[in-house]
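# Close look at the chain arrangement
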Protein chains: 2
Amino acid sequence: MSILVVGSVAFDDVTSPSGSVKNILGGAATYFSLAASYFTRVRVVGVVGEDFGPEQEKVFTSRGIDTRGLERAQGKTFRWGGSYMDNLNEAKTDYTDLNVFETFQPRIPAEYEDTEFLFLANIQPTLQAGVRRHMQRVRLTGCDTMNYWINRTPKELAETLKLVDVLLINDTEAKMLAHETNLPRAAQKVLAMGPQALVIKHGEYGATIFFREGAFGIGRHPFRAPTLPIDEVKDPTGAGDSFAGGFMGYLASQEELNREVLKRALFYGGVMGSFAVERFGTERLQNLTREEIDARFQIFRELTHLE
Amino acid sequence: MSILVVGSVAFDDVTSPSGSVKNILGGAATYFSLAASYFTRVRVVGVVGEDFGPEQEKVFTSRGIDTRGLERAQGKTFRWGGSYMDNLNEAKTDYTDLNVFETFQPRIPAEYEDTEFLFLANIQPTLQAGVRRHMQRVRLTGCDTMNYWINRTPKELAETLKLVDVLLINDTEAKMLAHETNLPRAAQKVLAMGPQALVIKHGEYGATIFFREGAFGIGRHPFRAPTLPIDEVKDPTGAGDSFAGGFMGYLASQEELNREVLKRALFYGGVMGSFAVERFGTERLQNLTREEIDARFQIFRELTHLE
């Protein structure tokens, strides 16, 4: 099956304790697409500027990602600069130049309308809702958001949450969205807003998926997947989007959505996130093999499973 | 087999978002003893004052804990007051009255000298080392410490670490002890100081055990156990000591120390910690059954295991 991701494509400047890179390809839709491309056919909707050339295009197409939904606009591509000198778990944003992304209006190519899985990366909630309503044949919708939208556009976000099946956010965002500091209680409050399932990403501690009572017919017991303790996290940028790409990509590759498939998807999310942070930018995600991915999946299993 | 714990017995005043209690029995050795008592025979060495009466004694003896090593001194028992109003993961200490604990010199009853497992709860490192050297027939020693000793008595602590098999500390302590912010690298540095294994407790995210190359003949791949997402953490006091009690108590109940036993011990640590926080003080740990413990072990397994 195929999956459509709608979100940002960007150029990033990143500084971490491991070094500094400039002008590398980034953006939520980019990390998501690459991670998901190891599992299923990926289609992308986003906007880039005149500085986005064949070299960047090739990062997508060489992984078989369909870029017909990548609009070329006059001006520059979205640019972001951030550093992780004090804390690898949280970027300090140096600058954000929205450029062509400022007026982004997602346009879905007609050829994409049969897509069965949808991921709404972190963009303005009303745009997310518009895409979701447009995509009539979607079976399952995943969604990301961030503190900016939680604080600035709570009503719009609430409308979007009614339309999505799985929300993927981090601990801080979940607590903020629910106005609740206890994580399991926050999860229940967020699920009451609409999603069938909520994936809370705990950074270096892995992720937990919480379910609504009756969601997917599989009961409400949560499930927790690890991440790999990594000796050198070179660049945490895109880890969450790569997680979402592994999670959603694996779901889109399966015929049936049952509890076991959702559990394995959470593991694949962690696996793809763990690869992403090993190199700056998308480097590691560009040249993986399914064998490497499944070998790491096995390491994740050994890290957590009793005999 | 039997296990000896050396550490504090205290009276606590605790305030959390769930309420406030005064003058309840606490202390590291207390939580540890109760948690371990569901797995093996427990002996305790500590000191109490004249305010420690039959009611407190009975908390130990009704769980079959051997209190012959509990010295009665003139004066008051150690008293601690803390609150968790802002952060359930970290206590704000309101006061510490060491009282009889200030001059505590562990005295091991002759009847305890055949003990095969030893846990050195968080006390002055030189006292820990003295107990370890005294206990000639010990097969495995676990040890706790805290930021106070890491900062104030690093040399003494380094000597103690050479004598212990498993160190159990939290993320912040591990990073502080290793002077290293990356957790897996911090773990390797701590292991180079002496212990065969290092258990790092991640609070609500569970715990990871790291091994030295060749430790226990089981290879160095880490293993991670969860904690249970709990809707209402009433009182986090003693969670770490209860974790240690479950971990060490289970080890002491096993004939052989292999990788699988250490993995299961980490799960039992999380299980006992999760019970401890459900009620104020030691209440929940006083009246468990092995069936309840194993049922929760099973929930921990379902929370983390793929089919």
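Let us look at the structure shown here. (Residues numbered from 1 in each chain as written. Chains lettered and ligands numbered in written order. Predicted model: local features only at pLDDT ≥ 70, side-chain atom pairs only at ≥ 80, totals over all residues. Heavy atoms only, no water.)

Residues and elements named next belong to chain A. Summed over all chains, the structure comprises 34 salt bridges over all chains. The residue arginine 79 makes a salt bridge to aspartate 51 at a minimum N-O spacing of 3.0 Å. Of this pair, arginine 79 sits in strand S6 (residues 78-83) while aspartate 51 sits in the loop between strand S4 (41-48) and helix H2 (54-61), and the two are 28 residues apart along the sequence. One continuous salt-bridge network, built from bridges that share partners, spans Glu278, Arg284, Glu292 and Arg296. (Salt bridge = Lys/Arg side-chain N within 4 Å of Asp/Glu carboxyl O. Helix = DSSP H or I, 4+ residues; strand = E, 2+ residues; numbered from the N terminus.)

With that settled, consider the relation of the copies chain A and chain B. Between chain A and chain B, the superposition needs a rotation of 180 degrees and an axial shift of 0.0 Å, giving an RMSD of 0.0 Å. Here the two chains are linked by the operation of a two-fold rotation axis. A share of 100% of the interface residues of chain A reappears at the interface of chain B, consistent with the copies meeting face to face through the same patch. (Least-squares fit on C-alpha atoms with pLDDT ≥ 70 in both. Contact = heavy atoms within 4.5 Å.)

All right, on to the sheet that holds strand S3 (residues 19-26) of chain A then. Residues and elements named next belong to chain A. Spatial ordering of the open sheet is given by S3-S2-S6-S7, a layout of 4 strands whose pairing is mixed. Across the chains shown, the open sheet's two edge strands, defined by having one partner strand only, are S3 and strand S7 (92-97). Neighbour to neighbour, the strand axes of the sheet diverge by 15 degrees on average, direction disregarded. Bridging between S6 and S7 involves 5 bridges; their strand directions are antiparallel. Within the sheet, the bridge partner assigned to arginine 79 lies in S7 and is aspartate 97. (Pairing = 2+ DSSP bridges. Axes fitted to C-alpha atoms, helices over the stretch in contact; angles between N-to-C directions.)

On to the pairing of strand S11 (residues 197-201) of chain A. All names here are of chain A. When you tally the buried positions in S11, you get 5 out of 5 residues, the bulk of the element. A two-sided burial pattern is seen for S11, the buried positions comprising Ala197, Val199 and Lys201 on one face and Leu198 and Ile200 on the other. Where strand S10 (residues 166-170) meets S11, 5 bridges bridge the pair, whose relative direction is parallel. The residue of S11 that forms the bridge with asparagine 170 is lysine 201. Relative to strand S12 (residues 207-211), S11 is paired through 5 bridges, and the arrangement is antiparallel. By the bridge assignment for S12, alanine 197 is matched with phenylalanine 211. Counted between consecutive antiparallel strands, the loop separating S11 from S12 contains 5 residues, among which glycine 203 sits at a positive phi close to 60 degrees. (Buried < 20%, exposed > 50% of the residue type's maximum accessible area, 1.4 Å probe, protein only.)

Residues and elements named next belong to chain B. Across the sheet, which stays open at both edges, the 4 strands sit in the order S3-S2-S6-S7 with mixed pairing between neighbours. The two strands at the open ends of the sheet, each matched to only one other strand, are strand S3 (19-26) and strand S7 (92-97). Neighbouring strand axes in the sheet, compared pairwise and without regard to direction, differ in orientation by 15 degrees on average. As defined by bridge partners, strand S2 (residues 10-16) adjoins S3 across 6 bridges and the pair is classed as antiparallel.

Further remarks concern the side chain of Thr141(A). Residue and element names in this part refer to chain A. Position of threonine 141 among the secondary structure elements: in strand S9 (residues 140-143). A distance of 3.0 Å separates a polar atom in the side chain of threonine 141 from a polar atom in the side chain of arginine 132. Not counting residues up to four positions away in its chain, the partners in contact with threonine 141 are Leu118, Leu120, Arg132, Leu163, Val164, Asp165, Val166 and Met248. (Polar contact = N/O pair within 3.5 Å; in protein donor to acceptor, adjacent residues only side chain to side chain.)

In this complex, chain A contributes 33 residues to the contact, which on the side of chain B involves 33 residues. Carbon and sulfur atoms make up 52% of the area that chain A and chain B hide from each other, which totals about 3000 Å². Taken as a group, Tyr205(A), Arg224(A) and Leu306(A) account for 27% of the area that chain A buries against chain B, more than any other trio of residues on that side. For the pair chain A and chain B, the interface holds 0 salt bridges. Between chain A and chain B we count 20 residue pairs in polar contact (both at pLDDT 80 or more) in total. For the side of chain A that touches chain B, the secondary-structure elements that each account for two or more residues are helix H6 (171-178), helix H7 (183-191), strand S13 (223-225), helix H9 (259-276) and helix H11 (290-304) of chain A. (Buried area = accessible area lost by both parts, 1.4 Å probe.)

The subject of this paragraph is the side chain of Glu278(B). Here Glu278(B) shows up in the loop between helix H9 (259-276) and helix H10 (283-286). Judged by relative accessible area, which is 15%, Glu278(B) ranks as buried.

Residues Phe247(A), Leu251(A) and Met272(A) are the most contacted members of the largest nonpolar core, which totals 64 residues. For this core, the element with the highest residue contribution is H9(A), accounting for 10 residues. With residues up to four places along the chain from it excluded, the contact list for Phe247(A) reads Val166(A), Leu168(A), Val199(A), Ile209(A), Leu262(A), Ala265(A), Leu266(A), Tyr268(A) and Gly269(A). The next biggest cluster of nonpolar side chains, apart from the first, holds 63 residues, and it includes Phe117(B), Phe243(B), Met248(B) and Phe267(B). (Core = buried A, V, L, I, M, F, W, Y, C linked by side-chain atoms within 4.5 Å.)

Next up on the list: the packing of helix H8 (residues 239-252) of chain B against H9(B). Each packed pair of helices is defined by two parameters, the angle between the axes and the distance between the axes. Residues and elements named next belong to chain B. With their axes 7 Å apart at the nearest point, H8 and H9 run at an angle of 145 degrees to one another. For the pair H8 and H9, the crossing hand works out as right-handed. Residues Ala239, Ser242, Phe243, Gly246, Phe247, Tyr250 and Leu251 of H8 form the contact with H9, whose participating residues are Val261, Leu262, Arg264, Ala265, Leu266, Tyr268, Gly269, Gly270, Met272, Gly273 and Ala276. Considered class by class, the residues forming the contact of H8 with H9 number 12 nonpolar, 5 polar and 1 charged. (Left-handed = near helix turned anticlockwise from the far one by under 90°. Nonpolar A, V, L, I, M, F, W, Y, C, P; charged D, E, K, R; others polar.)

Residue and element names in this part refer to chain A. With a phi close to 65 degrees, asparagine 23 is a non-glycine residue in the positive phi region. Given a relative accessible area of 43%, asparagine 23 falls into the partly exposed group. Positive phi is not limited to glycine here, since asparagine 99 has a value of about 50 degrees. You can see asparagine 99 is positioned in the loop between S7 and strand S8 (117-120). Overall, the relative accessible area of 31% leaves asparagine 99 in the partly exposed class.

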